[in-house]
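# An overview of the molecular structure
Letter by letter, the chains look like this.
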Amino acid sequence: MRIRTLLALVLLALVAGCATAPRQTRNICAVFDQRDGVFTSWQRSAEKAQAKYGIPVPILMATMYVESGFQPNARPPRTKLFGFIPWTRQSTAYGYSQALDGTWSHYQSETGNWTGRRTNFADAIDFIAWYHYSNSQATGIQRNDAYSLYLAYYSGPTGYKRGDWRSNGQLQKTAQKFANMAATYQQQLNGCN
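Predicted, not measured: the structure shown is a model, and the values here were computed from it. (Residues numbered from 1 in each chain as written. Predicted model: local features only at pLDDT ≥ 70, side-chain atom pairs only at ≥ 80, totals over all residues. Heavy atoms only, no water.)

### With respect to the overall build of the protein
- Check the secondary structure of the protein and you find eight helices and two strands.
- From first element to last, N terminus to C terminus, the protein shows the α and β order α-α-α-α-β-β-α-α-α-α.
- Here the protein, with 193 residues, has 42% of them falling under the buried criterion.
- The contacts of the protein with a sequence gap of at least 6 include a subset with a gap of at least 24, amounting to 54%. (Helix = DSSP H or I, 4+ residues; strand = E, 2+ residues; numbered from the N terminus. Buried < 20%, exposed > 50% of the residue type's maximum accessible area, 1.4 Å probe, protein only. Contact = heavy atoms within 4.5 Å.)

### So, the confidence of the model for the protein
- Here the protein averages 87 in pLDDT, and 81% of its residues register 70 or above.
- Low pLDDT, under 50, characterises residues 5-18; the stretch is placed with four contacts to residues that sit more than four places away or in other chains. (pLDDT = per-residue confidence, 0-100.)

### Some points on the layout of surface pockets
- Quantified by volume, the largest pocket comes out at close to 530 Å³.
- Surrounding the largest pocket, 21 residues form its lining, Glu67, Gln98, Tyr150, Tyr153 and Tyr154 being those nearest its centre.
- Of all the elements in the fold, those that place two or more residues in the lining of the largest pocket are helix 4 (57-68), helix 6 (121-139), helix 7 (146-162) and helix 8 (169-191).
- For the lining of the largest pocket, the element with the most residues is helix 7, which contributes five residues.
- For the lining of the largest pocket, the residue count by class is 11 nonpolar, eight polar and two charged. (1 Å grid on protein atoms, 1.4 Å probe; cavity = no way out; pocket = protein on both sides within 12 Å on 5 of 7 lines; lining within 4 Å. Points joined across faces, edges and corners; volume = space filled by probe spheres on them. Nonpolar A, V, L, I, M, F, W, Y, C, P; charged D, E, K, R; others polar.)

Right, dumping it as structure tokens:
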């Protein structure tokens, strides 16, 4: 009886740990340490995505940090009807990567990952790497150019090439915050044990 209770508690702890964001998100070593589980390892998933698409791990993790704060069920806020009634959301962005419905469907179609979920870290990090890689191919952005990759992640390849981001000061500030976070993550990753 005690063994069953202990196993149930361990299983519950594993499931609960996967459904929440890590506590320390500004240190990539701490994020990886907090999510180095028996069944899933965020570091292994990120390294696998890097090997597959050539986008550096710090850029992948900074994307998730800026887009969702590592929250698996992140969504944009709802608009308000008459200023106080919760209404529709600003977009269909969802999950760790904040992938839009249409972009996620395109990813699934192109990669064959039909069972992938935006709330699953391994699927989301693969999506982020795929999308950065696709944008790099479409725009000529270098795969290690964090600032430009974020602009294209937000604007899409067509919007990026058109220069939609040039008139969006807030987006440029966010892209700089993103590039700074990617650089910080790179420095930290170099020192991880």
